[in-house]
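The primary structure of each chain is shown beneath.
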Amino acid sequence: MSDARDIHASSAAARENPLAATEEKLVGTMAGAFAPAFDRPGGELVRRAPTVIVPLTGTTAQMLVEEAQAAEAAGADVLEWRVDFMLATHKQLSFAPLGREVVNPIVEATSLPLLLTIRTSDQGGEAKLSTGRYRLLLAEMLDTLVHIDVPPERIAIDLEHWFDGTPALVQRAQERGFTVVLSHHDWQETPDSDIMQIVYEDMLELPGAVAKLAVMAHDDGDVQRLLDVTARVAHSSGRAIIAIAMGEIGRRSRLEGWKYGSMATFATVGAGSAPGQPSVAELHAAL
């Protein structure tokens, strides 16, 4: 395979006749929403559109439930509760009460899968957390999700790749039936292609995890390099990958990334959580 354009040419027929398992998503589950873009390592591109993830950034349970219902009505495939927005305004909160007050009401009020994300300030999030506090919140999250008996097939958990406790937490989450998204955000630049490939491959060393790489694009060349690396890694691994070039210049990655093997993108209904996010309506119009 010479580059991403070869993948597009060789997979044209597959896009016209995608595998039934991909065409007919497992509605309301992470297995369906986060299915890989390629049918197997070195295989064919089977996605015809990305999974649309809508962030929820409210700071009260009522706000979050209302945002979740609006996102579902707008056409979202997955909801992402950005827990760090609430932690930034209620710094001493533990996750145990949040799970009961937020997770169950969202699961009951919608039919969509829910991605839980605590984005630290070092990775562009709202919550400035020590390593110990981050570890504690994630451990509380896993214990609380089990305690409130939320359907595990509807839950994914974002774990930041930099954290040295991530491998153990991935194992704990997967043992409980939850999907794991490993994420890395570079808010300064788009690294060299070799570096991005290494980051992807390092995340994919953890079996079953979804690898998410977000970088800051300064020109369209940055966007294209991210997409080309994503195409190579997604094709060779057959794994679920999310690629985002942040900022307005990176908007193309959010609209076209699925063609290169990025199986999901983020869009807004109301306030967004990162620069360059299109609205759900804009995204659907472009697909």
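Cut-off values and rules
- Residues numbered from 1 in each chain as written.
- Predicted model: local features only at pLDDT ≥ 70, side-chain atom pairs only at ≥ 80, totals over all residues.
- Heavy atoms only, no water.
- Core = buried A, V, L, I, M, F, W, Y, C linked by side-chain atoms within 4.5 Å.
- Buried < 20%, exposed > 50% of the residue type's maximum accessible area, 1.4 Å probe, protein only.
- Helix = DSSP H or I, 4+ residues; strand = E, 2+ residues; numbered from the N terminus.
- Pairing = 2+ DSSP bridges.
- Axes fitted to C-alpha atoms, helices over the stretch in contact; angles between N-to-C directions.
- Contact = heavy atoms within 4.5 Å.
- Phe/Tyr/Trp six-rings, centres within 6.5 Å; stacked < 30°, edge-to-face > 60°.

1. Section: the nonpolar core
Thinking step 1. Of all hydrophobic cores here, the largest spans 69 residues; its most connected members are Trp81, Val103, Ile106, Leu116, Leu145, Ile157 and Tyr200.
Thinking step 2. Sorting elements by how many residues they give to this core places helix α11 (residues 220–237) first, with 7 residues.
Thinking step 3. Met30, Ala33, Val210 and Met246 belong to the second-largest nonpolar core, a separate cluster that totals 18 residues.

2. Some words on unusual backbone geometry
Thinking step 1. Its identity as a non-glycine residue notwithstanding, aspartate 149 has a phi of 60 degrees, on the positive side.
Thinking step 2. Along the polypeptide, aspartate 149 turns up in the loop between α8 (131–147) and β4 (155–160).

3. Regarding the sheet that holds strand β2 (residues 78–82)
The strands making up a sheet associate through hydrogen bonds between their backbones, and the pairing can be parallel or antiparallel.
Thinking step 1. Read from one edge to the other, the open sheet built from 8 strands follows the order β7-β6-β5-β4-β3-β2-β1-β8, with strand pairing classed as parallel. Strands with a single pairing partner mark the edges of an open sheet, and in this sheet they are β7 (241–246) and β8 (264–266). On average, adjacent strands in this sheet sit at an angle of 25 degrees to one another, irrespective of strand direction.
Thinking step 2. This element, helix α10 (residues 193–203), spans β5 (179–186), β6 (210–216) and β7 of the sheet and lies at about 155 degrees to β6.
Thinking step 3. Each of β6 and β7 touches α11; the most contacted strand, β7, lies at about 175 degrees to it.

4. Details of the packing of aromatic side chains
Thinking step 1. In this structure the tally under the stated criterion is 4 aromatic pairs.
Thinking step 2. Judged by centre distance (5.8 Å) and plane angle (35 degrees), the ring pair of tryptophan 81 and phenylalanine 95 falls under tilted. Residue tryptophan 81 is located in strand β2, and its partner phenylalanine 95 is located in helix α7 (residues 95–109); the two are separated by 14 residues in the primary sequence. Comparing tryptophan 81 with phenylalanine 95 shows no difference in burial state: the two are buried.
Thinking step 3. With centroids separated by 5.8 Å and ring planes inclined at 25 degrees, the aromatic side chains of tyrosine 134 and tryptophan 162 adopt a geometry described as stacked. Placement of the pair is tyrosine 134 in helix α8 and tryptophan 162 in the loop between β4 and α9 (166–175), with a sequence separation of 28 residues.
Thinking step 4. Classification of tyrosine 134 as buried rests on a relative accessible area of 1%.
Thinking step 5. When its relative accessible area of 40% is taken as the criterion, tryptophan 162 is described as partly exposed.
Thinking step 6. Taken together, Tyr134, Trp162 and Phe163 form an aromatic cluster joined through their ring pairs.

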